[in-house]
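# Understanding the architecture of this molecule
Listed below are the residues making up each chain.
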Amino acid sequence: MRACDPFRAGPDLDAYVAHPEFEQNCRYLASKLEAEPTWVGIAGPSGVGKTLLLRLLMRRLESQFTPVYVPSGELSPAEVSRWVAAQLNADSEPCDDIAVRLARGGRPLLLAFDEAQLASPELIAWIEGLCRGLGAVRAMLAWTEYEGERVPAPLARCPTRVFVEPLELAEVPGYVEAQLARSGAAPELRAVLAGQTLERIALASGGNRRAIQRLADAELAAHAWRTRATPLHAGRASLARATENAPRAASGPAAPHAHPSLWDRRRPWLLTLATLVVLAAAALHFSR
């Protein structure tokens, strides 16, 4: 197991690598939320970093607002109220009452909804009402949307939104190298993710951040497996040499010469084939 995994699963603010477009989107949405009670949207394909941007905004605005993360838009207003109350260690009052209390204390509520493509028209109308109410609530909604698709009807009313794009293929090597540098990866691991391997990851991922993470992690896992297999080879070779050099009884038959097995000869080719199969499967999955 690596001491510091450079490619952790899921959005991780500690693993965030600054990107100009990401930073621009963050500043734009933050300015809108700071200016007035409103709600904003973060749209884009699955795996491009919408949840990461959502959590990044929560962190950067926590000095001005009380942020609450809501993991799914597939909730009723009453369910969201109970969730918010639980996150704030408050009682079971409706969310608008909580918002009024917080606003009087000088810190308006900032609701951050993930998976908002599942939101009902009722929930969207409730969010809009909160933003217009006395509590001066702000809300951020992140939803999955692919380029060229029609925005779901309730979300089409969002007054401000950004569309998160995958990385350019030419940016993928720099992204991977920055993740390795951030985690303090050993030179051995950096050598694994270099050259043609990075080119394969870029092509197979299409610039999708989640796909890059998974493909890079698969490469490191394959390398770790090969590294663990090396002592076994060395042990077998040492045993063969020891057997050949051991003194033999004068009347005993000579020990047979140790030849590498069929599995030993084919192991490197099988490992390479397995890695290619993993990359091809990941590319097929993220191209759907």
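The paragraphs below set out a description of the structure included in this document. (Residues numbered from 1 in each chain as written. Predicted model: local features only at pLDDT ≥ 70, side-chain atom pairs only at ≥ 80, totals over all residues. Heavy atoms only, no water.)

This next bit is on the overall build of the protein. A tally of regular secondary structure across the protein gives 10 helices and 5 strands. Sorting the 288 residues of the protein into buried and exposed places 41% on the buried side. Contacts in the protein between residues far apart in sequence, at least 24 positions, make up 76% of those at least 6 positions apart. (Helix = DSSP H or I, 4+ residues; strand = E, 2+ residues; numbered from the N terminus. Buried < 20%, exposed > 50% of the residue type's maximum accessible area, 1.4 Å probe, protein only. Contact = heavy atoms within 4.5 Å.)

Here 5 strands make up an open sheet; going across it, the order is β2-β3-β4-β1-β5 and the pairing parallel. For this open sheet the edge positions go to β2 (66-70) and β5 (160-163), each flanked by a neighbour on one side alone. Neighbour-to-neighbour, the strand axes of the sheet open up by a mean angle of 15°, direction not taken into account. Sheet topology places strand β1 (residues 39-44) next to strand β4 (residues 138-144); 6 bridges connect them, and they run parallel. Counterpart to V40 in the pairing with β4 is M140. Most of the contacts of helix α2 (residues 50-60) go to β4, to which it runs at about 165°, and overall it touches β1, β2, β3 (109-113), β4 and β5. Contacts from helix α3 (residues 77-87) reach β2 and β3 within the one sheet, and its direction differs from that of β2 by about 125°. (Pairing = 2+ DSSP bridges. Axes fitted to C-alpha atoms, helices over the stretch in contact; angles between N-to-C directions.)

What follows covers the environment of A30. Positionally, A30 belongs in helix α1 (residues 20-35). A30 gets classed as buried once you look at its relative accessible area, which sits at 12%. For A30 and M58, which are 28 residues apart along the polypeptide, the C-alpha to C-alpha distance reads 9.4 Å. Aside from chain neighbours lying at most four places away, what touches A30 is L57 and L61.

Tallied over the entire structure, the rule returns 1 aromatic pair. Their ring planes at 35° and their centres at 5.7 Å tell us that Y16 and F22 sit as a pair that is tilted. Accessibility expressed as a relative area gives 16% for Y16, which makes it buried. By relative accessible area, F22 is classed as buried at 2%. Here the guanidinium or amino end of R55 rests over the ring plane of Y69, the centre of that ring lying 3.9 Å away. (Phe/Tyr/Trp six-rings, centres within 6.5 Å; stacked < 30°, edge-to-face > 60°. Lys NZ or Arg CZ within 6 Å of the ring centre and 35° of its normal.)

Attention now goes to helix α8 (residues 196-205). Side chains that are three or four residues apart share a direction in an α-helix, a result of its 3.6 residues per turn. For α8, the set of buried residues is T197, L198, I201, A202, A204 and S205. G206 sits one or two positions beyond α8 and adopts a positive phi of about 65°.

Let us look at the packing of α1 against α2. Orientation of α1 relative to α2, taken along the N-to-C sense of each, is 55°, at an axis distance of 10 Å. Between α1 and α2, the crossing angle belongs to the class labelled oblique. Between α1 and α2 lies a crossing of right-handed hand. Judged by residue contacts, F22, E23, N25, C26, L29 and A30 of α1 engage L52, L53, L56, L57 and R60 from α2. Split into classes, the residues belonging to the contact of α1 with α2 amount to 8 nonpolar, 1 polar and 2 charged. (Parallel < 35°, antiparallel > 145°, perpendicular 65-115°, else oblique. Left-handed = near helix turned anticlockwise from the far one by under 90°. Nonpolar A, V, L, I, M, F, W, Y, C, P; charged D, E, K, R; others polar.)

With that settled, consider the pairing of β2. Regular strands show a simple pattern: their side chains alternate between the two faces of the sheet. Judged by how many residues are buried, β2 sits mostly within the fold: 4 of 5 residues are covered. Note that β2 and β3 share 5 bridges and pair parallel. When the bridges of β3 are listed, P67 appears paired with L110.

Looking now at a negative patch on the surface. A surface patch of negative charge is lined by E147, E165, E168 and E171. Along the chain, E147 turns up in the loop between β4 and β5. When its relative accessible area of 68% is taken as the criterion, E147 is described as exposed. (Patch = residues over 30% accessible without salt bridge, like charges linked within 9 Å, V, L, I, M, F, W, Y side chains within 5 Å. Areas by Shrake-Rupley, 256 points an atom, 1.4 Å probe, with all protein chains shown as cover. Salt bridge = Lys/Arg side-chain N within 4 Å of Asp/Glu carboxyl O. Lys, Arg positive; Asp, Glu negative; His and termini not counted. Charge placed at Lys NZ, Arg CZ, Asp CG, Glu CD.)

Here the focus is unusual backbone geometry. Among all residues save glycine, negative phi is the norm, and among peptide bonds the norm is trans. Positive phi, close to 50°, is recorded for E115, a residue that is not glycine. Relative to the assigned elements, E115 resides in the loop between β3 and α5 (121-132).

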